[in-house]
Amino acid sequence: MATHKPVRDDAPRHGLARALSKLGLCSRTEAARWIAAGRVRVDGRVVRDPEFPTVAGRSRIEVDGQADAEAGAERRYLMLNKPRGLVTTARDEQGRDTVYRCLDGAGLPWLAPVGRLDKASEGLLLLSNDPVWAAAITDPSTGPGKTYHVRIDAIPDAALLVRLEQGVSVEGEHLRAARAQLLRSGGRNAWLEITLDEGRNRQIRRLLEAFGLSTLRLVRVAIGQLPLGALAKGAWRELTAQEVSALAPPSDVDPPGEKAAP
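Each chain carries its own residue numbering, running from 1 in the direction its sequence is written. Reporting in this predicted model follows two pLDDT cut-offs: at least 70 for local features of residues, and 80 or more for side-chain atom pairs to be given and counted; totals over whole chains, interfaces and linings ignore these cut-offs and use all residues. To get the side-chain values, all heavy atoms of the structure are used, and hydrogens and water are removed first.

- As annotated in an unreviewed UniProt entry, the protein chain carries the name Pseudouridine synthase and comes from Pseudoxanthomonas winnipegensis.
- UniProt positions are given in the numbering used here, feature names are shortened, and annotations may be inferred rather than shown by experiment. What the UniProt record of the protein chain gives under Sequence similarities (unreviewed entry) is the line "Belongs to the pseudouridine synthase RsuA family."

Set out below in structure tokens:
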């Protein structure tokens, strides 16, 4: 039986499903399935309530009889060049292909997308089983900015770029770009570089629509100082320890070094 150090009275308390997710073992939805199936024990007894209270460092959690579950999974940090047409989710109710198709056969542990790219968008997507690190990346007040290259169906003038940065109210939300600049133009189309310092649902598309512009292509090219670079479409690689720390300090275990995508 595993032994435990004394735990402070203010040790974090979480429902069982959330505790499994925070250990990096699975999503909360998957954890609820494991719990309902009787695969999870707390302090030696089967628990079927996903909200059953646990205390970090004190409650002994086992999955399928494995007493080391509470040690958590090795923390992994990946970047993927998401192709257009894939859904950023683990399971899609409509049966559409998801970003996990790009990870098939890699033998990776459970990983969750860090933020989202909608089906029609492409480019840099992070995945990790470190929920604390992921929360720091997606925090609108402290997280790194996200940079996109966006093809639109018009040639913008300088005044329009200023208005994109000033923003506009759309359905009660103030949408704006932290930075908007013209990359190149030709014919009737142009490419913009837009940086966001907050994440709202379909933010760029809705912002452009408010000014009568259609988004023809949207590619995330950087998160903070991490560029998409030359990573091939649909390919992935692990982040280096330096890249992980530059985006946000990891929550516990040092990340592995860089690994080429298969």
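**Focus: the overall build of the protein chain**
Thinking step 1. The helix and strand tally for the protein chain stands at six helices and 16 strands.
Thinking step 2. Working rule for contacts: check all heavy atoms of both residues, and any pair within 4.5 Å makes them a contact. Taking the intrachain contacts of the protein chain between residues at least 6 apart in sequence as the baseline, contacts between residues at least 24 apart amount to 64%.
Thinking step 3. Only the protein chains shown count as cover for residues, and all accessible areas are computed by the Shrake-Rupley method using a 1.4 Å probe. By element, 48% of the accessible surface of the protein chain is carried by carbon and sulfur atoms, the whole surface being about 13500 Å². Strands are runs of DSSP state E lasting at least 2 residues, helices are runs of H or I lasting at least 4, and numbering of each runs from the N terminus.

**Notes on the sheet that holds strand β5 (residues 61–63)**
Thinking step 1. An order of β3-β2-β5 is seen for the three strands of this open sheet, with the pairing classed as antiparallel. Edge strands, defined here as strands with exactly one partner in the open sheet, are β3 (45–46) and β5. Here, a strand pair is defined by DSSP locating no fewer than two bridges between the strands.

**What to know about the pairing of strand β14 (residues 215–223)**
Thinking step 1. Accessible area is worked out with a 1.4 Å probe on protein chains only. A residue is then buried under 20% of its type maximum, exposed over 50%, and partly exposed in between. Burial of β14 is extensive: seven of the nine residues sit out of reach of the surface.
Thinking step 2. In this structure, strand β9 (residues 146–152) lies alongside β14, joined through seven bridges in antiparallel fashion. Bridge pairing in β14 links Thr147 to Ala222.
Thinking step 3. Between β14 and strand β15 (residues 226–227), which pair antiparallel in sequence order, lie two residues; one of them, Gly224, sits at a positive phi of approximately 60°.

**So, the environment of Ser169**
Thinking step 1. With respect to the helices, strands and loops of the structure, Ser169 is situated in strand β10 (residues 168–170).
Thinking step 2. On the accessibility criterion, Ser169 (55% relative accessible area) is exposed.
Thinking step 3. Spatially, the C-alpha atoms of Ser169 and Leu207 are 8.8 Å apart, while their sequence positions differ by 38 residues.

**A short note on the pattern of salt bridges**
Thinking step 1. In what follows, salt bridge is the name for a side-chain nitrogen of Lys or Arg lying within 4 Å of a carboxyl oxygen of Asp or Glu. All chains considered together, the criterion is met by twelve salt bridges.
Thinking step 2. For the salt bridge of Arg202 with Glu209, the shortest nitrogen-to-oxygen distance reads 3.6 Å.
Thinking step 3. Taking relative accessible area as the criterion, Arg202 reaches 36% and is therefore assigned partly exposed.
Thinking step 4. Classification of Glu209 by relative accessible area gives partly exposed; the value is 46%.

**Looking at the nonpolar core**
Thinking step 1. For this analysis, a nonpolar core means a set of buried residues of the types Ala, Val, Leu, Ile, Met, Phe, Trp, Tyr and Cys, connected via side-chain atoms within 4.5 Å. Counting 32 residues, the largest nonpolar core has Val150, Ile194, Ile204 and Leu208 as the members making the most contacts within it.
Thinking step 2. Breaking this core down by element, the ones donating at least two residues are β6 (77–82), β8 (122–128), β9, α4 (158–166), β13 (189–196) and α5 (203–210).
Thinking step 3. The biggest single contributor to this core is β13, with four residues.
Thinking step 4. Discounting residues that sit within four places of it in the chain, Ile204 has contacts with Tyr148, Val150, Ile194, Leu196 and Leu218.
Thinking step 5. If you look at the next biggest cluster of nonpolar residues, it comprises 17 residues, including Ile137, Ile223, Leu226 and Ala235.

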